[in-house]
Amino acid sequence: MTGSCSFLAPTPADLILRDVERHAEHPDALSNTGVMLHLTGAVPDLAELRQHVAARLADLPCLTHVLDRSGPTPRWKSAAPEMDHHVKARHVDAGPEPLDAAMRRLLREPWPEAVPTWRLILLHGHVPDGFVLLYLTHHALQDGGSILAVLEALFGPPMGSEQSTAVARGVPHAHRLRPGQVLRSTMMLLRRAGKHHRWSSPAHPLSSRRHLMLTHAPAAWLRTTARAGDASTNDVNLTALADAVAEWARAAWPRAADLPIPVMVPINLRTAEEVTAPGNRLFLARIDLPGGTMPPLQRLAHTRTLTHQLKSTEHKAVLRAMLTRLPMWPFQRLVALMTAPGRLTLGASYVVVRHRLRYGDAEVNRLDPLVVCPPGAPMTVAVLVYGNEASACFRIDEALPGAESLPARWLQALEDMATAAQPAD
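Below is a summary of the structure that appears in this document. Since the structure is predicted, the reported quantities are computational estimates derived from the model, not experimental observations. (Residues numbered from 1 in each chain as written. Predicted model: local features only at pLDDT ≥ 70, side-chain atom pairs only at ≥ 80, totals over all residues. Heavy atoms only, no water.)

## Topic: the packing of helix α8 (residues 233–252) against helix α12 (residues 406–421)
Working step 1: Contact geometry for α8 and α12: axes closest at 8 Å, N-to-C directions at 125°. Of the possible angle classes, the one that applies to α8 and α12 is oblique. For the element pair α8 and α12, the recorded crossing hand is right-handed. In contact with Val236, Asn237, Thr239, Ala240, Leu241, Asp243, Ala244, Val245, Glu247 and Trp248 of α8, α12 contributes Leu406, Arg409, Trp410, Ala413, Leu414 and Met417.
Working step 2: Across the contact of α8 with α12, the residue classes break down as eleven nonpolar, two polar and three charged. (Axes fitted to C-alpha atoms, helices over the stretch in contact; angles between N-to-C directions. Helix = DSSP H or I, 4+ residues; strand = E, 2+ residues; numbered from the N terminus. Parallel < 35°, antiparallel > 145°, perpendicular 65-115°, else oblique. Left-handed = near helix turned anticlockwise from the far one by under 90°. Contact = heavy atoms within 4.5 Å. Nonpolar A, V, L, I, M, F, W, Y, C, P; charged D, E, K, R; others polar.)

In structure tokens form, the structure reads like this:
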């Protein structure tokens, strides 16, 4: 990946992802995140893999910096990675269960002090004709877009930074903000930041223990429904999630039954100039998805209306200005307001990967996201669409009764919508 890279000082979003870990009573709720790359082909040589990564570090400042809070102002401090520490290999026994167990152990491993918080682990032995590259990092250092930019730089085709999946669409480089739009965007954020207490239950207090569940769906289901409903594929994903939560709530969580479902959606604000910069370039926006019982395509129409405002260039320009121009203290107050107890809720991220990935002759045939679910959040879901498959990672608080059924409910909702969207013969 070619092109210069600039980056901001650490933002409150970066800092809170560090601070929130102090409230984690179990390693499941740490801010560790990443992606599993499943490849078909011969297991590579570890020394060659280390050389491959080392040769690309100069273009990846998010891999060569650490979050330094030793001074009066937080900053990104340069730190040289050691390939023997950051790129490793582990043999696992045959079958999917040993691979899954290895991933869970590695996801919980702590990070040493003063070294960049990322690892690339070659896992092999679970299948005879392939291997996994497990990329792990800390959310304070990288958001989902940054992670995919790194993977494209390491394993994607040659491209300019503006072509990266990490680059947000519709974010203006230089945009004169109109006072009216600033007021509308600010009021929209404040209206949607009210306390809802949807997940506050004395009988089932939230914990730091998490289910981690991966599931997969044909990407054609999302595309078929999106075309029929004149919506985006993420609208379809959010609609399926709302349907799954509403159905589960009627059976197991009366506090959310037949009520709107508040969901935090990350809005990508990363420009091409900072595609591989350290830190987060996103803004969490809350929308209240329709709950209760309704036909799936009707629910999709409501969802499309709710997400429409989030996609405007003018609104993104205001959010970008908040991220880059606001002094630390008002931004910190805003982040604290939106993440206070009683306001935290479900999180749902979604990315369509734009480029095919490979390492040497081995092709990446699937990407599995590994999402963060911080203390106080009941569930987070991350979906990556790669080629013809949508891979979803559900991190669900174990305190929610029967919530391990949600991935299957999401999958069923996607299939039902795709069936309903099929034109009649």
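## Here we look at the packing of helix α6 (residues 179–191) against helix α10 (residues 313–325)
Working step 1: It is at 9 Å that the axes of α6 and α10 come closest, and there the two elements cross at 80°. Taken together, the axis directions place α6 and α10 in an arrangement best described as roughly perpendicular. Contact with α6, carried on its side by Gln181, Val182, Ser185, Thr186, Met188 and Leu189, involves Glu314, His315, Val318, Leu319 and Met322 of α10 and no other residues of that element.
Working step 2: Residues of the contact of α6 with α10, tallied by class, amount to six nonpolar, four polar and one charged.

## Quick word on the pairing of strand β8 (residues 261–268)
Working step 1: Burial analysis of β8 places six of its eight residues in the buried class, which makes it a mostly covered element.
Working step 2: Bridge count for β8 against strand β9 (residues 282–289) is eight bridges, and the pairing is antiparallel. Among the inter-strand pairings, Pro262 is bridged to a residue of β9, identified as Asp288. (Buried < 20%, exposed > 50% of the residue type's maximum accessible area, 1.4 Å probe, protein only. Pairing = 2+ DSSP bridges.)

## So, the sheet that holds strand β1 (residues 32–40)
Working step 1: Taken together, six strands build an open sheet; the order of strands is β4-β5-β6-β1-β12-β11 and the sheet is mixed. Edge positions in the open sheet fall to β4 (87–91) and β11 (358–359), since each of these has one partner strand only.
Working step 2: In terms of strand pairing, β1 meets strand β12 (residues 362–370) through seven bridges, oriented antiparallel. When the bridges of β12 are listed, Thr40 appears paired with Glu363.
Working step 3: The sheet strands contacting helix α2 (residues 46–54) are β4, β5 (118–124), β6 (130–138) and β11, and the helix crosses β4 at an angle near 150°.

## Observations regarding the sheet that holds β8
Working step 1: Read from one edge to the other, the open sheet built from six strands follows the order β7-β14-β13-β10-β8-β9, with strand pairing classed as mixed. At either margin of the open sheet sits one strand with a lone partner, and together these are β7 (210–218) and β9. Averaged over all neighbouring strand pairs, the angle between strand axes comes to 20°, with direction disregarded.

## Examining a nonpolar patch on the surface
Working step 1: On the surface, Leu183, Met187 and Leu190 cluster together into a nonpolar patch covering about 280 Å² of accessible area.
Working step 2: Inspection of the secondary structure puts Leu183 in helix α6.
Working step 3: Among the residues examined, Leu183 registers a relative accessible area of 54% and is labelled exposed. (Patch = residues over 30% accessible without salt bridge, like charges linked within 9 Å, V, L, I, M, F, W, Y side chains within 5 Å. Areas by Shrake-Rupley, 256 points an atom, 1.4 Å probe, with all protein chains shown as cover. Salt bridge = Lys/Arg side-chain N within 4 Å of Asp/Glu carboxyl O.)

## Notes on the side chain of Asp28
Working step 1: Along the chain, the position of Asp28 falls in the loop between α1 (12–19) and β1.
Working step 2: On the basis of relative accessible area, Asp28 is assigned to the buried category, the value being 6%.
Working step 3: From its side chain, Asp28 meets the backbone nitrogen of Arg210 in a polar contact 3.0 Å long.
Working step 4: If we skip the residues at most four places from it in the chain, Asp28 touches Arg108, Ser208, Arg209, Arg210, Cys373 and Arg395. (Polar contact = N/O pair within 3.5 Å; in protein donor to acceptor, adjacent residues only side chain to side chain.)

## Some thoughts on the environment of Pro266
Working step 1: Looking at the element boundaries, Pro266 is found in strand β8.
Working step 2: Between the C-alpha atoms of Pro266 and Leu30, which are 236 residues apart in sequence, the distance is 19 Å.
Working step 3: Those residues in contact with Pro266, other than ones at most four positions away along the chain, are Leu282, Phe283, Leu284, Ala348 and Ser349.

## Re unusual backbone geometry
Working step 1: In this structure, Asp230 is a non-glycine residue whose phi angle is positive, near 50°.
Working step 2: By the secondary structure assignment, Asp230 is in the loop between α7 (219–229) and α8.
Working step 3: The phi torsion at Asp258 lies on the positive side, around 60°, for a residue other than glycine.
Working step 4: Counting through the fold element by element, Asp258 comes out in the loop between α8 and β8.

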